[in-house]
Each structure stands twice: as structure tokens, then as C-alpha cells.
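An overview of the molecular structure
The primary structure of each chain is shown beneath.
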Amino acid sequence: VKEPTRPADTGDTATHAAAAQSLRAAIEDACQGVRWYLLGMCGNWHEADEAAQQALAKAWARREQFDGRSDARTWIFAIARNHWLDEMRKRKRAPRTEPVETVADNLSVTDDPAAGLEQDELARAVAEAMASLPAEQREAVSLRESGALTFAEIARTLDVPVATVKSRVRAGLARLAEKLRPYHRELSS
Amino acid sequence: MNCTTCRDLLLDYLYGELDEARRGEVEAHLASCDDCRTELETLSLGRAAVRTQLQHDRGDNNAVLAGVFDQAPPQRRRRPAGWLLVPLATAAAAILAIGLWVYLPDPASPAKAAPMGEVKLVRKDLSLTIFSTPPQTTTAYPGPLSPDRNKPWRLGQWGPGYVHGWPGLALVRDERAIANLKAGTSTVRFDGVPTAILPTSVRLDSDRDGVQVLEQNYQYDLATASAVLERYIDRTLTVRVDQAQDVTGKLLSYDDRFLVLQPSGEGPRSIDRSAVTSVSFPDLPEGLLTRPTLMWRVDNRGAARQDLTVAYLTYGLQWRADYVVKLSGRQETVATDEGHREIYDYADLAGYATVTNNSGVTFEEAQLKLMAGDVRVILPSGRRLSGYLETDGAWVQEQAQLGGFEQKSFFEYHLYTLGRKTTIREAETKQIELMTAAGVKMKRRYIYRPQRSDRLVQVVSELINEEANQLGKPLPKGTVRLWARPDPESDPLYAASSQIDHTPKDEKLTFTWGHAFDLVGEARSLSKRKLGDAHWRETWRYKLRNHKDHAVSVTLVRDVPPTTYDVQANHPWRAPRVGLIEIDVTVQPGGEAVVEWTHTYNHLSGRWVGRPN
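The structure displayed is predicted, hence computed values, not measured ones.

Definitions and limits used
- Residues numbered from 1 in each chain as written.
- Chains lettered and ligands numbered in written order.
- Predicted model: local features only at pLDDT ≥ 70, side-chain atom pairs only at ≥ 80, totals over all residues.
- Heavy atoms only, no water.
- Helix = DSSP H or I, 4+ residues; strand = E, 2+ residues; numbered from the N terminus.
- Buried < 20%, exposed > 50% of the residue type's maximum accessible area, 1.4 Å probe, protein only.
- Contact = heavy atoms within 4.5 Å.
- Areas by Shrake-Rupley, 256 points an atom, 1.4 Å probe, with all protein chains shown as cover.
- Pairing = 2+ DSSP bridges.
- Axes fitted to C-alpha atoms, helices over the stretch in contact; angles between N-to-C directions.
- Core = buried A, V, L, I, M, F, W, Y, C linked by side-chain atoms within 4.5 Å.
- Phe/Tyr/Trp six-rings, centres within 6.5 Å; stacked < 30°, edge-to-face > 60°.
- Expected span 1.5 Å × (residues − 1).
- Arc of directions from axis to C-beta.
- pLDDT = per-residue confidence, 0-100.
- Salt bridge = Lys/Arg side-chain N within 4 Å of Asp/Glu carboxyl O.

**Points about the overall build of chain B**
Looking only at helices and strands, chain B features seven helices and 33 strands. Taking all 613 residues of chain B together, the buried fraction comes to 45%. Looking at chain B alone, contacts between residues at least 24 apart form 71% of all its contacts between residues at least 6 apart. For chain B, the computed accessible surface area is about 30900 Å², with 48% contributed by carbon and sulfur atoms.

This is the structure in C-alpha cells:
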């Protein structure tokens, strides 16, 4: 069993506990954002929740490494991003069953079947449009829409200039708008 | 502002990252420029699309967070069928990471159920004693044995994972019968044990003479990819590379990245594991198991038919008590000699035991016993593998020998035995009725503690746990939920909850519910003077206002320095213990009561209030 490093042996236990406590609060705060970010990346909330849980658990397990110099939020998002990239790499390598119907899980629950059908069609179109974005644009858009990070924070998370982040978000949004122009009315309602 | 500047700022505008002044400028430009407005509409449309997707989010933050802070493996979340295989648990992750492994049964040898010389047992009886949760401590408990999450399972990597919640602890007595135990030494295989078992706590008893245990093994070397590979060193297997080419050869070595294979008649060949799609093994090597198993080498000098009793401790089983107090609506008011008003409520009380099983196995038809009381548990020193959480060895032996556990209390604890047998499934939460009592009389008290809150008045129910009050049973620690009816005809509504500790019979129970809506307090310090060397005198004024339609008696409770030697008050007061003053005040409907008191104390010694002579 790998021995976890324990700064408590040398350092101040109270400060250590307080740091862990504040990181825990940061993880709880970031949960929604991380889930939305991953939802944007994979288009399915089952998978997003699964990945978010693993990523946040990773962040918590590595709490000793968080030195407090950087912002906890960007640190957590960076871990979530790396986790997602790892996951993608693993999948490429490992044969797996393909998703039968990824959109099926996103189908709406309404009392009105006609409205439900319309919504389902929209959801499917949006999922397809998101999936068609280049990875960099999808990532930038997802991070921004996760509601947790500003452009500057995204730039720090991705380690690219702010202008690059903005141009990716702009290109991504424009591309989505172009693809989803036919659903203009439903989207603006 | 020109169009170039505006477009630069458009995204910040859309996401609300601009300051007031800049926003005004952008809006002014947008009002006059069609191109920029179209651009904004496009971006907004894109944004609306992403938000549509987020609105379909049916996940749950709490469910996700639930598994994050435990060091135990992440919670397995139920997923609908047809879902892509994201690694579910450690083993699955390991398998995915290194390729898909396939066991090809050798047609020449039939599937090996139990190797020769092993005897399987038939279960006769099963009893479970679940311990109650010990008092809160700051120490993390060592949780169930868990493999290192990032590595394949191997014996050397097992160790207790620390958890912050109580993992649950239970004593299992499992009686099994063997029909054909041959004379001499043989191996007895005992499966169906929980993955969360404490191997060092296992005890085997035979009820007849003649059976001697020579050796005991707890095997959890499960048939994971790495464990199988390990056994195939120097043996032949077939690897499929890039979904097309098969390589058959002797496995020389393996690590996380490469398999080294030597095809017959050729030199060794290193194969990158990322290119491997599957590995075919001729058979499942011996000694690997598909679930945790206890194995004994026994020496039998007696009969072929033997009954064995196995007792062990396991994590993962816990129980707690939940109580429901339903106010029946009947109420009594008693005027005391001092002119105060005492209110008594009548209620029905029901207690339930909530049992949770996360031990890894289902206990079929088990005799269920719940133990209430704080059992001492020994925490390990350091992270040595032998240092699991365990109770005194002698204690476990003693309990295992107690036939049936029929008595109601033993040693310093209480035991609740379920009258029938029940099945407790893996990952199940079960509620079983513990006790019921109808027409329990509770005294309702209003308590004003200005040092905790100078405004709020607490509502408390007090009762004596005695037979005269329909109770008189030892009540285990748990949560109490209060249900009350707004009027006699309507359904009861959930009103408040409280906690009780283990309460023996004939002791007082106190349920602290919450705060009274219609009672308001007010506290004010009138003076604090130094009288001389280390002598002080303080004067306080408390006001209590009653907005109910009937008179209410409130008890004012306040801590004073233990060296207080003089108290003057405008109401009769009492000191139930050193350093505590209580005053009963009755407040008329719509009225106000004023309590004024002066207490004098020193920092020396002397005649303390409430101190016996």
C-alpha cells in the first residue's frame, strides 16, 4: 500500500486541517461546474456524473499537493480536465461497446407527448452539434458554460492566453449557432 | 466605439464580464450597428443551445459528492442498460487499461468447481449481531480491507483504508454441516464470506470432538487480469495484436507497458500492451478464486458428519435506531402551587431499527441481533497489516460460545433479538420495528437560555422512561422525529427532530425540538461593578413576551461563575448545581414578564451557591 505523504508530522496540524476543510468546501462548490463542464464534453449526464465523481475524488485524494498558491477552483478544473483526457486515452486503447443511443438518456420527461417529441429532437440536434465541434472549441465552450470560471480562469486552467480562449469560445458558439439555425425559434423561447 | 473594439468585447458582454461603463459603450454601439447586433445574436443562439443541454442535466450534486470524500472506492452508481462501459470499479478499470482478457475454457478439462480433496459445507444456521455506532471521535476508523484503487488486486496491496464514517461492525455466527468429512487431513472450503471480513477474528468450532484445525487461510487472491498473468509466467498463451495478428508463445515477463513473449523456436518478442486487443489463456490457473473464501486444513479423527460453527467479525453492517413520536392531540394542563402552568402532551412512540448491509454478501434467513451500547474498539497503531480494527480476541470467543444470545442484556450492553429470521441483502437498508408505546405522557417545557440566544425560547419534551409511562425499556441511541396534528381531524405533519443517547429504563429522556414561535426573550446587562479585590457584582434584566392565547411557564436557565455567593432576584430561584441558576416565570397571554437579578461572585473561595455544607 502506498503510504500517503503526511505533512501533519512536521507541520501545524490545525492549519493543515483548515486547509483541507477549505479545499473540501471548494470541491463542493465546484461540483456543479465540473459536472456541467463534463456534460458539455461528453453529452451525457450519466457519464458526466461518473467522471465528475472520479475527478473530484482524485482532487480530494491529492489535497496534500494543493499548495494554496493557485486558485482552488482552477486547480480542481485542471484535475478534472486531465482526468477526462486520461479517460479518453484509455478508451481509445481499450475496446469497448459503443453507446447504443447516447441521446436516449437525455430525453425529456413531459406530460405533453408532442412537446416532448419536439424537445427530444432539439436535444438530439444540440448533442450532435456539440459533438461535431473540434475538441478545443468544445472544451472552451463547456468550461465557460459550466458557470464556474471566467475567461481569465479558463486561460489559467488550459495554460493558454486569454485571447486564445475567447477565440475558441467565439468560434464554437458561432458554429453551434450555424448548425442549429433551424431550431432558432425553440432555442430563443 | 468602432466595430473592431466592439467585437473584441462582445464575448465579455455576453458573459457579463464587463464593468458598467464598458457595457454602456457596447450597448450604445449595438443600438447603431446592425452587423455587431447580428454577431451578438449568433453568439447568443450558440449559448442558448449549450444551455438547453445543461437543462437536461438530471444528475445530482449530492449523489456525486457522496462518493468523493470517502477514501473507500467510489460508489457504484446504477446505470441504465445499454450504457457504454466506463470503468465501474477498480478491477474493471484495470482490465480496460490493459486490454480485454478472455478465459478460454480448455475443452479437454471440464470446469473446475472444487479441486479434489475439498469439501463444501451446507449452511444450517446463521446469526448476525450488529454493533451500534460508537460515540463520535475525531479518529478515522480503519475501513474494510481495500485494494489500492489504481492497481490490480494482489494480496500484498491489501490494507485497511481509512474512513471517516463508522464502517459498521458485526459478529457473524455461521453454522454449517458437512456430511462426508473423511478421516485424516482434508481441506474445507468456506465461501460466502463478506469481502469486508476481518480475517484475524475468524474462529472455528466443532461441536463434536475429533476435529482439529491445522491451518486457516483467507484467500482473496481473486482472478483479476494481473493475478492471472502472474500465474502464466513461463507458460504459453495467445495474444491478439491490433485486432488481426495472433502471437502464441511463452510469457517471459510483463509490466504495465509491455508483454514479453517467446514464440517457440524464435527469440523473445516485446509487445506493447496498448496494441493488445485480447489475451487468451488456456484455463483458469488453480488457486485463484472468483470470490473471497476461507480455507481450513482440518484433521478429522471423529465422525464423517460434522457440524461446524464459524464466528467472525465483519465490517459493512450497521444499524441505528429511529423513533417516531406522534402527538395524539390530548393535552393536560396542571396549575402548580407556585402558580405556574405545566403542560403535558400525550403521544404514541414507535422505534425502528434501520439495518444497512454493505458487507459484500447477502445473509439469507439470518437470526438478527442488534446490540446497543458502546463496545470498545481497538484502533490499530500505524498501518501494519495486522492492525485491523478488532475487539478483544477473548471477547469475540466468549460471544461466539454464548449459544443463541437469548438473554436481553449481557455484560454492559443490551441486545435486541428479532423474533423471526430475516434475509438481509447486500446493499440493502431494512427497517424493523423495535418497540411501540401508546399514550406516553411528556412534559412540555419552554427553556430560555439567554447565553445561547437572547431572543429564542427552546421547546423541550421531557419524559421518564418507566413502565408507569408505558415505556420502561432500554432505548438505544437514535434520531427522534416528532409528528403533530394541526387540529384533531387532520393528518399528522412532520414537526421537528431530535437526538437521544442510549437511555436505560427509569431514566429521563429529553427531546429538544426547536424554538417556540410565539415566545420572545430579551436580555440586558444593567451593571457590572467591582466591589473590591476580585469581587464582582452583576445585574441583569430579562424580559419574556408571550404572544400565545394562553399563559405559559418558561424556565430561565443561566450559567453563573461557580464562585457566586449571593443572588438577589425578583422571582424565586434555584441552583440545581454549582454555577447554574434556574428561574420559573409564568407569562400571561399577550403579556410580558421581567426578571431582574443580581449575582455577586469572587475569584477566591467561600460559600458557593448550591454547594453542600
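Here the narrative resumes.
**Let's talk about the overall build of chain A**
Check the secondary structure of chain A and you find eight helices and zero strands. Within chain A, contacts between residues separated by at least 24 positions form 66% of all contacts whose residues are at least 6 apart in sequence. Total accessible area on chain A is roughly 9500 Å²; 51% of this is exposed by carbon and sulfur atoms.

**Side note on the environment of L463 of chain B**
Residue and element names in this part refer to chain B. Within the secondary structure, L463 sits in strand β23 (residues 458–464). Overall, the relative accessible area of 2% leaves L463 in the buried class. Sequence separation of L463 and Y344 is 119 residues, and the distance between their C-alpha atoms is 9.7 Å. Filtering out sequence-adjacent residues up to four positions away, L463 remains in contact with V440, K441, M442, N469, L471, E507, K508, L509 and F511.

**Here's the deal with the sheet that holds strand β33 (residues 592–602) of chain B**
All names here are of chain B. Pairing in this open sheet of four strands is antiparallel, and the strands run β27-β28-β33-β30 from one edge to the other. The open sheet terminates on both sides in strands that have one partner only, identified here as β27 (519–532) and β30 (564–569). Looking at each pair of strands side by side, their axes are set apart by 15° on average, direction ignored. When β27 meets strand β28 (residues 535–546), the two strands line up antiparallel, connected through 12 bridges. The partner of L519 across the bridge, within β28, is N546.

**What about the pairing of β33 of chain B?**
Residue and element names in this part refer to chain B. With respect to burial, β33 is a largely interior element, eight of its 11 residues being buried. Strand direction decides the pairing type here: β28 and β33, joined by 11 bridges, are antiparallel. Paired with K543 across the two strands is V594, which belongs to β33. Here β30 pairs with β33 via five bridges, running antiparallel. When the bridges of β33 are listed, Q568 appears paired with T598.

**So, the pairing of strand β10 (residues 236–241) of chain B**
Residue and element names in this part refer to chain B. Here β10 shows one buried face, formed by L237, V239 and V241, and one open face, formed by T236, T238 and R240. Summarising the sheet, β10 and strand β11 (residues 245–254) pair through six bridges and their orientation is antiparallel. Considered in β11, the bridge of V241 is made with Q245. Connecting the antiparallel pair β10 and β11 is a turn made up of three residues, with D242 showing a positive phi of about 50°. By the bridge criterion, four bridges tie β10 to strand β14 (residues 276–281) in an arrangement that is antiparallel. Among the inter-strand pairings, T238 is bridged to a residue of β14, identified as S280.

**What about the nonpolar core?**
Grouped together as the largest cluster of nonpolar side chains are 77 residues, with contacts concentrated most on W296, F363, L368, Y446, F511 and V554 of chain B. When residues in this core are grouped by element, the largest group, seven residues, is from strand β22 (residues 428–448) of chain B. Contact partners of W296 of chain B, with chain neighbours within four places excluded, come to S186, T187, V188, F190, V202, L204, V213, E215, Q216 and V310 of chain B. Residues L39 and V169 of chain A together with Y15 and L54 of chain B belong to the second largest nonpolar core, which totals 73 residues.

**Let's talk about the packing of aromatic side chains**
Residue and element names in this part refer to chain B. Summed over the entire model, instances satisfying the criterion amount to seven aromatic pairs over all chains. With 5.3 Å between their ring centres and 50° between their planes, F511 and W513 make a pair best called tilted. Accessibility classification places F511 together with W513 in one group, the buried group. Seen from their ring centres, Y542 and W597 are 5.8 Å apart, and the 65° between their planes marks the pair as edge-to-face. Here Y542 is found in strand β28, whereas its partner W597 is found in strand β33, with 55 residues between them in sequence. Of the residues examined, W597 reaches a relative accessible area of 0% and is grouped as buried. An aromatic cluster is present here, built from Y448, W540, Y542 and W597 joined pairwise through their rings.

**Topic: helix α2 (residues 20–32) of chain B**
One turn of an α-helix holds 3.6 residues; hence residues three or four places apart share an orientation. All names here are of chain B. Counted at 1.5 Å a residue, the expected span for α2 with its 13 residues is 18 Å, and the 19 Å between its end C-alpha atoms agrees. Of the residues making up α2, those classed as buried are V26, H29 and L30. The arc enclosing the buried residues of α2, seen along the axis, measures out at 105°, which places them on a common side. Those residues of α2 that are exposed and angled more than 90 degrees off the buried face are E20, A21, A31 and S32. Where α2 is buried, its residues touch α1 (3–14) and α3 (34–55).

**Topic: the confidence of the model for chain B**
Residue and element names in this part refer to chain B. For chain B, mean pLDDT is 74; residues scoring 70 or higher make up 74% of the total. Residue range residues 147–160 is modelled with pLDDT below 50. Its contacts to residues more than four positions away, or to other chains, number 44 contacts. Listed scores for the predicted complex are pTM 0.49 and ipTM 0.81.

**Side note on the pattern of salt bridges**
Taken as a whole and judged by the stated rule, the model has 34 salt bridges over all chains. Note that E28 of chain A is salt-bridged to R24 of chain A, the shortest N-O span being 3.6 Å. Linking E28 of chain A with R24 of chain A, this pair stays in helix α1 (residues 13–42), spanning four residues, or about one helical turn. Here E28 of chain A falls in the partly exposed class, since its relative accessible area comes to 38%. Exposure remark for R24 of chain A: the relative accessible area of 28% places this residue in the partly exposed category. Three or more residues are tied together by salt bridges with common partners; here these are E145 of chain A together with R47 and R51 of chain B.

**Here's the deal with unusual backbone geometry**
Located in the positive-phi region is D159 of chain A, a residue other than glycine, with phi close to 60°. By the element assignment, D159 of chain A lies in the loop between α6 (151–158) and α7 (162–179).

**Observations regarding α6 of chain A**
Most of α6 of chain A sits out of view: six of its eight residues are buried. Following α6 of chain A by one or two positions, D159 of chain A has its phi on the positive side, about 60°.

**Looking at the side chain of T309 of chain B**
Residue and element names in this part refer to chain B. Residue position: T309 is located in strand β16 (residues 306–315). Judged by its relative accessible area of 14%, T309 falls in the buried class. Look past the residues within four positions of T309 in its chain and what remains in contact with it is R173, D174, E175, R203, L204 and D205.

**Description of the side chain of N300 of chain B**
Residues and elements named next belong to chain B. One can find N300 in strand β15 (residues 293–300). Overall, N300 belongs to the buried group, its relative accessible area being 2%. If sequence neighbours within four positions are ignored, N300 has contacts with L181, K182, A183, G184, G210, V211 and Q306.

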